[in-house]
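Listed below, chain by chain, are the residues.
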Amino acid sequence: MSAPARAWSVVWPPALIVGVCLVAWQGAVWILGIPEYLLPSPIQVGTALGFESERLLFATGRTAGSMLAGFGLSALLGIVLGSVLATVPLARRGIYPLTLLLQMVPVVAIAPMLVIWFGYGAPSVIAAACVVSIFPVIAGTLDGLQSVDPGLRELFGIHRASRVRTWWLLGLPSSLPNIFTGLRVAAGLAVIGAVVGEFVGAYGGTRAPLGAVIISALKQNRADVVFAAIVLASVLGFALFGVVNLLGWVCLRRWHASAR
Amino acid sequence: MIGSATGVTLKNLHKVFEPDVTVVDGLDLTIESGKFTALLGPSGCGKTTILRMIGGLEEPDLGEIGFSSESPTTAFCFQEPRLLPWRSVRGNVGLPLELAKVGKPARSAAVDAAIDLVGLADAAQRLPAALSGGMRMRTALARSLVTDPGLLLLDEPFASLDEVTRFRLDEEVSRLVRSRDATVLIVTHSIAEAVFLADEVVVLSDRPARIMGRFNVDFAVRNVGLRVTPAFAEISSRVYEALRSGMEDVS
């Protein structure tokens, strides 16, 4: 199968379902006469996207920046922390259960504390994106490092490789499939963390990010703008997921079954 | 990294695995420096454990392991190739030198030489997934030879391969290691392999491993024709008798 044909075979099933859902949504709004402030139709959302494009695109850019910074931070810290937990059994027993808290406590509950610690603006939003998305990276790294082939570990032991070199040359490459699984989950969570962080910690006004746009649109009963902002946040999530997926494919395609 | 042939002496070696499985029980054995020795015994008799203790991968419960040189350079070739799947043949062969922090130019020359030795020059850039079983074992063999070890420990390296490939690789191993200043110890349960490769075949009984016989194998030429000679058949038959008596002894 040629590359375009393969790409088309991936794209058309979800595109078809999205198309059918949009038609059903539009039809339901028309037929049932649902008011715009309760559920705007896809056409109304599209119109809002067009009319508010400048403000919404600026907001998307700001949210994208916070999401990327938060995701980058969680990727870096997650891999480092996962590696430490895999290497130091005492840290694993002591710290790993606590990292579950990051997964259990809702970000809406943490966000106000982050504002207290980091202040209003980008730092608290980045922190929210990081806190929400770090756990899958830690878990993926830890799982990957704990499932390194014991035979290969023995090989490195025979050659008296140091812990750091064993991690760098064996543990890390061997864990890449698990790390990328964690990063894919984290990509989706990072956008949620950024938007929720912006609900609480971002400045409003004309230069507001998506989360703040949603809050201000809610206050003005502009459901069409809320939906438009949600669409753009989803696009951000998909884009980051796609980039991580592509990166994973580039790193693993030659040797790991998951990327072939 | 160049090592000189290292002899090995085992004195009163004991090894018990939990729960109370005695694998080696007071084994004494001397492996002469520069010789190719085969440890032959039935599956599960403890021969791999002996090899792993010599290689430092297992600690004996009792007894001593002595080496004829002060700091022996040892290399291990396992039953499985144990290759890093994300590294090419070159990358895998060069790994021991990389871990020993050998500089790039010296490493590159040694890796090229080892890959040439095992006949994988054309496949040097391929990943393990793109190699046949025999090519993977050759890569593992090149990796164990690249440091020029004084003591080479081979743990049934070709056990999982088909017989034709196995015979071919036996011939290659014989050619490769006999041109070096190294002591080689191979563990196998194949009589034909042991007799073809080794200068001395040490036959072990079923668990716990005891020495049932030692056979000097003195063939001037070891090539494809050797396996069909009467001398080969005669010594194989004697080795078989010792092996069988070791198994009957225990049962």
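Treat the numbers as computed from the prediction; the structure is a model and nothing was measured.

J.: Can you walk me through the overall build of chain A in this structure?
T.: Scanning chain A for helices and strands turns up 10 helices and zero strands. Order of helices (α) and strands (β) in chain A, N terminus to C terminus: α-α-α-α-α-α-α-α-α-α. Overall, the C-alpha framework of chain A stretches about 75 × 55 × 30 Å when taken along its three principal axes. Looking at the 260 residues of chain A, the share that counts as buried comes to 38%. If you take every contact in chain A between residues at least 6 apart in sequence, the share linking residues at least 24 apart comes to 76%.

J.: I'm lost on the interface of chain A and chain B in this one. Help?
T.: Size of an interface: often given as the accessible area lost when the parts come together. Across the contact, 11 residues belong to chain A and 14 residues belong to chain B. The set of elements that each furnish at least two residues to the side of chain A that touches chain B consists of helix 7 (150-158) and helix 8 (163-201) of chain A. Considered class by class, the residues forming the side of chain A that touches chain B number six nonpolar, two polar and three charged.

J.: Quick question: what am I supposed to make of the sheet that holds strand 1 (residues 8-17) of chain B here?
T.: Adjacent strands of a sheet pair through backbone hydrogen bonds, lying either parallel or antiparallel. Residues and elements named next belong to chain B. Overall, antiparallel pairing links the three strands, which are arranged 2-1-4 in an open sheet. Both edges of this open sheet fall to strand 2 (21-31) and strand 4 (62-67), since each of them pairs with a single strand only. Sheet twist, expressed as the mean angle between neighbouring strand axes with direction ignored, is 20°. Strand direction decides the pairing type here: strand 1 and strand 4, joined by five bridges, are antiparallel. Bridge assignment links Thr9 to a residue of strand 4, and that residue is Gly66.

J.: Hey, could you run me through the environment of Ala142 of chain B in this one?
T.: Residue and element names in this part refer to chain B. Tracing the chain through its elements places Ala142 in helix 5 (residues 133-145). Its 26 C-beta neighbours within 10 Å are what place Ala142 among the buried residues. On a C-alpha basis, the gap between Ala142 and Cys45 in space is 28 Å, while along the polypeptide they are 97 residues apart. Those residues in contact with Ala142 that sit more than four places away from it in its chain are Val93, Ala114, Ile115, Leu117, Val118 and Leu120.

J.: What exactly am I supposed to notice about the packing of helix 5 (residues 107-118) of chain A against helix 8 of chain A here?
T.: Packed helices, taken two at a time, are described by their axes: the angle between them and the distance between them. Residues and elements named next belong to chain A. As a packed pair, helix 5 and helix 8 sit with axes 9 Å apart at the nearest point and diverge in direction by 55°. The orientation of helix 5 relative to helix 8 falls into the category oblique. Considering only the axes of helix 5 and helix 8, their crossing is right-handed. Contacts between helix 5 and helix 8 pair Val107, Val108, Ala111, Pro112, Leu114 and Val115 from the former with Gly193, Val196, Gly197, Phe199, Val200 and Gly201 from the latter. By residue class, the composition of the contact of helix 5 with helix 8 is nine nonpolar, three polar and no charged.

J.: Help me out: how do you make sense of unusual backbone geometry in this one?
T.: Leaving glycine aside, a negative phi is the common case for residues, and trans is the common case for peptide bonds. Here the amide bond leading from Arg207 of chain B into Pro208 of chain B is cis, since omega sits at -5°, within 30 degrees of zero. One can find Pro208 of chain B in the loop between strand 8 (200-204) and strand 9 (211-216). A positive phi angle is found at Arg160 of chain A, which is not glycine, with a value near 50°. Mapped onto the elements, Arg160 of chain A comes out in the loop between helix 7 and helix 8. Taking the number of C-beta atoms within 10 Å as the measure of exposure, Arg160 of chain A has 10 and is therefore exposed. Look at Asp148 of chain B: it is not a glycine, yet its phi comes out positive at around 55°.

J.: Where do I start with the sheet that holds strand 9 of chain B in this structure?
T.: All names here are of chain B. Pairing is mixed across the open sheet formed by six strands, whose spatial order is 5-6-7-3-8-9. Of all the strands in the sheet, just strand 5 (74-77) and strand 9 have a single pairing partner and so form its edges. Ignoring strand direction, the axes of neighbouring strands in this sheet form an average angle of 15°. Packed on one face of the sheet, helix 1 (residues 47-54) meets strand 3 (36-40), strand 6 (151-155), strand 7 (183-188) and strand 8 and runs near 150° to strand 7.

J.: Could you clarify how one ought to interpret the domain arrangement of chain B in this entry?
T.: Residue and element names in this part refer to chain B. Considered domain by domain, chain B is made up of domain 1 (1-73 + 151-251) and domain 2 (83-147). Each of domain 1 and domain 2 has a C-alpha centre, and the two are 25 Å apart. Taken together, the contact pairs 12 residues of domain 1 with 12 residues of domain 2. When residues of the side of domain 1 that touches domain 2 are assigned to their parent elements, the largest contribution, five residues, is made by helix 6 (residues 163-178).

J.: Looking at this structure, I do not really get the pairing of strand 2 of chain B. What am I missing?
T.: Two faces make up the sheet, and in a regular strand the side chains alternate between them. Residues and elements named next belong to chain B. Of the pairings in the sheet, the one linking strand 1 to strand 2 comprises eight bridges and is antiparallel in character. Bridge pairing links Thr9 to Thr30 in strand 2. The turn linking strand 1 back onto strand 2 is made up of three residues, and Asp20 within it adopts a positive phi angle of 65°.

J.: What should I look at first to understand the nonpolar core in this one?
T.: Generally speaking, nonpolar side chains in soluble globular proteins are found buried as a group. Ranked by size, the top nonpolar core spans 70 residues in total, and within it Leu40, Val201 and Val239 of chain B carry the most contacts. Two domains each provide a minimum of three residues to this core, namely domain 1 (1-73 + 151-251) and domain 2 (83-147) of chain B. Once residues lying within four places of it in the same chain are set aside, the contact partners of Val201 of chain B are Ala38, Leu40, Ala194, Val195, Phe215, Val217 and Val239 of chain B. Ala122, Ala128, Ala139 and Ala212 of chain A belong to the second-largest nonpolar core, a separate cluster that totals 62 residues.

Cut-offs applied
- Residues numbered from 1 in each chain as written.
- Chains lettered and ligands numbered in written order.
- Predicted model: local features only at pLDDT ≥ 70, side-chain atom pairs only at ≥ 80, totals over all residues.
- Helix = DSSP H or I, 4+ residues; strand = E, 2+ residues; numbered from the N terminus.
- Buried ≥ 20, exposed ≤ 12 C-beta atoms within 10 Å, placed from the backbone.
- Contact = placed C-beta atoms within 7 Å.
- Nonpolar A, V, L, I, M, F, W, Y, C, P; charged D, E, K, R; others polar.
- Pairing = 2+ DSSP bridges.
- Axes fitted to C-alpha atoms, helices over the stretch in contact; angles between N-to-C directions.
- Parallel < 35°, antiparallel > 145°, perpendicular 65-115°, else oblique.
- Left-handed = near helix turned anticlockwise from the far one by under 90°.
- Domains from an automatic or database assignment.
- Core = buried A, V, L, I, M, F, W, Y, C linked by C-beta atoms within 7 Å.

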